[in-house]
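Each chain is listed here by its residues.
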Amino acid sequence: DHTTKRHWKVVRRDKVPKGVKILPAVWAMKRKRRIATREVYKWKARLNVGGHKQEYGVHYWETYSPVVRWTTIRLCLILALLSGWSTRQLDFVQAYPQAKVSTDNVFIDIPQGVEFQGDRKIHCLHVLQNIYGGKDAGRTWSIHMDKGLRELGFKRSAVDECLYYRGRTLFLVYVDDGILIDPDPANIEQAMKDLASRFDIEDEGDIDD
């Protein structure tokens, strides 16, 4: 999937700019379980940049990335529950790679387990999209998401950087997960369509589901 979406391209190691490190490629394995039954319903293998080897000023600069406050989540969900408002959960699918990489100087080794027609000692990967593991990966995604939401007419709350609103629609964002809240379910449907036109998202249904 990373290959078909052009998250990187294969280059020769001798073409890497002088002084730029080729970073390790690190696999992160995860099993997702259902809360009620603890049943494993998804196995995930995520390829990460070895951010522990990144250098400030070469591979990244700033790293700050906001997340919605739990007090904001609780307040909005309480208001939705008491008022009978509609809710919708969504997930940004492979969120970080939806943004361009923040610098052109990210190169990684050919990942272990990946079939590759070539010589790992001669070739490496030039990272084109923002992938997980980088020190500024969360910030890069957050900036990309904020720009996209503003283009869709959402405004950022002055109280919480990860609470957005458009008309009566509230949108809470926690990294790559989101919750839409609105008194009118038609507004939520429209918001989902608009978000799907700008981002790759997955509908996870009402919070009660």
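Residues numbered from 1 in each chain as written. Predicted model: local features only at pLDDT ≥ 70, side-chain atom pairs only at ≥ 80, totals over all residues. Heavy atoms only, no water.

Asks: What should I look at first to understand the environment of threonine 103 in this one?
Replies: Inspection of the secondary structure assignment puts threonine 103 in the loop between β5 (86-92) and β6 (107-108). Among the residues examined, threonine 103 registers a relative accessible area of 9% and is labelled buried. Note: C-alpha distance between threonine 103 and threonine 71 (32 residues apart in sequence) is 34 Å. (Helix = DSSP H or I, 4+ residues; strand = E, 2+ residues; numbered from the N terminus. Buried < 20%, exposed > 50% of the residue type's maximum accessible area, 1.4 Å probe, protein only.)

Asks: Explain the pairing of strand β3 (residues 25-33) here, please?
Replies: On a regular strand, each side chain points to the face opposite its neighbour's, so the side chains alternate between the two faces of the sheet. With nine bridges connecting them, β3 and strand β4 (residues 40-49) associate as antiparallel partners. Bridging from a neighbouring strand, arginine 31 pairs with tryptophan 43 of β4. As consecutive antiparallel partners, β3 and β4 are separated by six residues, and within that stretch arginine 38 has a phi angle of approximately 65°, a positive value. (Pairing = 2+ DSSP bridges.)

Asks: Even after reading the chapter, I still don't get a nonpolar patch on the surface, so can you show me in this structure?
Replies: A contiguous nonpolar surface patch, about 290 Å² in accessible area, is contributed by Trp27, Met29 and Val114. Tracing the backbone through its elements, the reader meets methionine 29 in strand β3. Looking at methionine 29, the relative accessible area reads 62%, which means it is exposed. (Patch = residues over 30% accessible without salt bridge, like charges linked within 9 Å, V, L, I, M, F, W, Y side chains within 5 Å. Areas by Shrake-Rupley, 256 points an atom, 1.4 Å probe, with all protein chains shown as cover. Salt bridge = Lys/Arg side-chain N within 4 Å of Asp/Glu carboxyl O.)

Asks: For this particular structure, what's the right way to read the sheet that holds strand β9 (residues 163-166)?
Replies: Sheet strands pair by backbone hydrogen bonding; their relative direction is either parallel or antiparallel. One open sheet accounts for six strands, arranged β8-β9-β10-β11-β5-β12; its pairing is antiparallel. With one partner strand each, in any of the chains shown, β8 (155-156) and β12 (201-203) form the two edges of the open sheet. Bridge analysis of strand β10 (residues 169-174) against strand β11 (residues 177-182) gives five bridges, and the strand direction is antiparallel. When the sheet's bridge partners are listed, leucine 170 is paired in β11 with isoleucine 181. In the packing of helix α1 (residues 70-83) onto the sheet, contacts are made with β5, β9, β10 and β11, and the angle to β10 comes to roughly 145°. On top of the sheet, helix α2 (residues 137-151) reaches β5, β8, β9 and β10; it is set at about 15° to β9, its chief contact. (Contact = heavy atoms within 4.5 Å. Axes fitted to C-alpha atoms, helices over the stretch in contact; angles between N-to-C directions.)

Asks: Before we go on, may I ask you to explain the pattern of salt bridges in this structure?
Replies: Side chains that carry opposite charge are capable of pairing whenever their charged atoms lie near each other. Throughout the structure, instances matching the rule amount to twelve salt bridges. Between glutamate 55 and lysine 21 there is a salt bridge, with its nearest N and O atoms 3.2 Å apart. Of the two residues, glutamate 55 sits in the loop between β4 and α1 while lysine 21 sits in the loop between β1 (8-12) and β2 (22-23), which places them 34 residues apart along the sequence. The partly exposed category is assigned to glutamate 55, whose relative accessible area is 29%. With a closest N to O distance of 2.7 Å, glutamate 151 and lysine 147 form a salt bridge. Residue glutamate 151 and its partner lysine 147 are both found in helix α2; the two are separated by four residues, about one turn of the helix. The exposure class of lysine 147 is partly exposed, given its relative accessible area of 47%. One salt-bridge network, held together by shared partners, links Arg88, Glu189 and Asp203.

Asks: Looking at this structure, I do not really get the environment of leucine 172. What am I missing?
Replies: Of note, leucine 172 is situated in strand β10. Measuring from C-alpha to C-alpha, the distance between leucine 172 and histidine 52 comes to 30 Å, with 120 residues separating the pair along the chain. Discounting chain neighbours no more than four positions away, the residues touching leucine 172 are Val68, Thr72, Ile73, Cys76, Cys162, Leu163, Asp177, Gly178, Ile179 and Ile181.

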